[in-house]
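What follows is each chain in one-letter form.
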Amino acid sequence: MKLGFIGVGNMGGPMCRNLIKKDFQVAVYDLNPEAVARCTKLGATTAKSAQEIAAQSDVVFTSLPGPAEIEAVALGKGGILEGAHPGMVYVDLSTDSPSLARRLAAEFDKRGIPMLDAPVSGGVTGAEAGTVSVIVGGPKEVYDQVMPMFQAIGKNVYHMGDHGAGCIAKLVNNMLSFINFSALSEGMMLGVKAGVDPKKLLDVISTSSGNSNAVTKISRKVFTGNYKAEFALDLAHKDLRLALQLGDEQGVPLMFGGLLVNLMRNARAKGFGTLDSSAMMRLLEEAMQTQIRA
Ligand code: NAD
């Protein structure tokens, strides 16, 4: 089984390396040569374009920033569709818009190539440990076919329904995750300004009704003041905008999501876009002239 992997950045890189470690034969392509080198060191081969990768692979994975890059790599000149051949499967692990996922699936289907949208959750730590959740939309028989590769990169694998269903579930999850983190930042600032020790406060919340993934996982990294991007704020903003777009299409009010996208705009205007998404916390820290270190 020959695999192709396009986009080997923060998430794609470790997922690709897990496939290599599980003895899959993998060819990689990325615009960033250093990212490619981290995979070829472990035995991957490389190619000059996404088209070349597709031409030599049975299953092609992508892990790209967002809809613009996904569409260009999948359908553009020198892209996957140009190298696609009967028997190939295309799996997009990026967080994409459900509407683009459906459109791509239709374009690939015209050439007899099945596609899955399979965004992942679990961050860089989960990608490195091979424990991400893989959230899949598309035909069940194709999902079953790709399962051994999903199990090489993830722990929990879900079939959500038809094309786009994986993206829908992922966007809902991420919107909740951002809202939870933002709420935690406010709570922590309130407690700290009012004189409580932040470490003790986190201990209390983590065993009480205010607990969330933001408390147990994200906070331990964020409240060190390290905002180096593992999940860039620009990408989080992209995800939230896609969730709001879905809300618009469905006529669903997204009050908290709407508030948050404006906070993210503020943070990006301050130049925090390439920092970690948790750098939103810095807005509050700067406004209150208080740092939270726990
Ligand atoms: P990243 O920017 O670290 O990696 C993206 C990679 O794609 C880069 O190496 C870049 O060079 C490459 N790339 C961009 N355009 C390309 C093109 N035209 N051809 C070939 N390569 C190209 O981003 P990431 O954090 O790894 O995120 C990838 C996807 O996974 C995004 O959709 C993101 O929303 C999603 N995601 C990220 C996280 C996280 O914690 N970082 C978690 C879950 C999901």
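Residues numbered from 1 in each chain as written. Predicted model: local features only at pLDDT ≥ 70, side-chain atom pairs only at ≥ 80, totals over all residues. Heavy atoms only, no water.

A few points about the overall build of the protein
Of regular secondary structure, the protein possesses 14 helices and nine strands. On C-alpha atoms alone, the protein measures out to a radius of gyration of 20 Å, which is about the 19 Å that the 2.2 N^0.38 rule sets for 294 residues. For the protein, the spread of C-alpha atoms along the three principal axes comes to 65 × 45 × 35 Å. Residues counted as buried form 51% of the 294 residues belonging to the protein. For the protein, the proportion of contacts with a sequence separation of at least 24, taken over those separated by at least 6, is 65%. Accessible area of the protein: about 13,700 Å², with a carbon and sulfur share of 54%. Counting 29 positive and 28 negative side-chain charges, the protein places the averaged centre of each group 6 Å from the other. (Helix = DSSP H or I, 4+ residues; strand = E, 2+ residues; numbered from the N terminus. Rg over C-alpha atoms; globule rule 2.2 N^0.38 Å. Buried < 20%, exposed > 50% of the residue type's maximum accessible area, 1.4 Å probe, protein only. Contact = heavy atoms within 4.5 Å. Areas by Shrake-Rupley, 256 points an atom, 1.4 Å probe, with all protein chains shown as cover. Lys, Arg positive; Asp, Glu negative; His and termini not counted. Charge placed at Lys NZ, Arg CZ, Asp CG, Glu CD.)

Here's the deal with the environment of Gln145
As for its placement among the helices and strands, Gln145 is situated in helix H8 (residues 140-153). Sequence separation between Gln145 and Val89 is 56 residues, and the spatial gap between their C-alpha atoms is 9.4 Å.

Regarding the packing of helix H9 (residues 165-193) against helix H10 (residues 198-206)
In a packed pair of helices, the relevant descriptors are the angle between the two axes and the axis-to-axis distance. At a minimum axis distance of 10 Å, the contact between H9 and H10 shows a crossing angle of 130°. By the angle between their axes, H9 is oblique relative to H10. Judged by the twist between their axes, the crossing of H9 over H10 is right-handed. Each of Leu184, Gly187, Met188, Gly191 and Val192 in H9 lies in contact with H10, whose residues at this interface are Pro198, Leu201, Leu202 and Ile205. Among the residues making up the contact of H9 with H10, the classes are represented as seven nonpolar, two polar and no charged. (Axes fitted to C-alpha atoms, helices over the stretch in contact; angles between N-to-C directions. Parallel < 35°, antiparallel > 145°, perpendicular 65-115°, else oblique. Left-handed = near helix turned anticlockwise from the far one by under 90°. Nonpolar A, V, L, I, M, F, W, Y, C, P; charged D, E, K, R; others polar.)

Quick word on the domain arrangement of the protein
According to the domain assignment, the protein contains domain 1 (2-162) and domain 2 (168-288). Just the C-alpha atoms count here: the centres of domain 1 and domain 2 sit 28 Å apart. On the domain 2 side, the residues contacting the 16 residues of domain 1 number 12 residues. Counting each side, the surface lost to burial between domain 1 and domain 2 is near 1,100 Å², with a carbon and sulfur contribution of 63%. Applying the counting rule to domain 1 against domain 2 returns zero salt bridges. (Domains from an automatic or database assignment. Buried area = accessible area lost by both parts, 1.4 Å probe. Salt bridge = Lys/Arg side-chain N within 4 Å of Asp/Glu carboxyl O.)

Comments concerning helix H14 (residues 281-288)
Residues of H14 that are buried: Met281, Leu283 and Glu285. The inward-facing, buried residues of H14 abut H9, helix H11 (213-222) and helix H13 (255-269). Trailing H14 by a residue or two, Gln289 shows a phi angle of about 50°, which is positive.

Some words on the packing of aromatic side chains
Within this structure, the stated rule accounts for four aromatic pairs. For the ring pair Phe5 and Phe61, a centre distance of 5.8 Å and an interplane angle of 20° mean the geometry is stacked. One end of the pair, Phe5, is in strand S1 (residues 2-6); the other, Phe61, is in strand S4 (residues 59-62), with 56 residues separating them in the sequence. As far as burial versus exposure is concerned, Phe5 and Phe61 are alike and both buried. Aromatic side chains Tyr143 and Phe150 sit 6.3 Å apart centroid to centroid with 45° between the ring planes, which places their arrangement in the tilted category. Across this residue pair, the class does not change: Tyr143 and Phe150 are buried. (Phe/Tyr/Trp six-rings, centres within 6.5 Å; stacked < 30°, edge-to-face > 60°.)

Topic: the site of the ligand
The local shell around the ligand holds 24 residues, among which Asn10, Met11, Asp30, Leu64 and Glu230 are the closest. The separation between an oxygen atom of the ligand and a polar main-chain atom of Pro65 is 3.0 Å. Within the backbone of Glu230, one N or O atom sits 2.8 Å away from a nitrogen atom of the ligand. In the complex, the protein chains occlude 86% of the 830 Å² of accessible area that the ligand would expose alone. (Near = heavy atom within 4 Å. Polar contact = N/O pair within 3.5 Å; in protein donor to acceptor, adjacent residues only side chain to side chain.)

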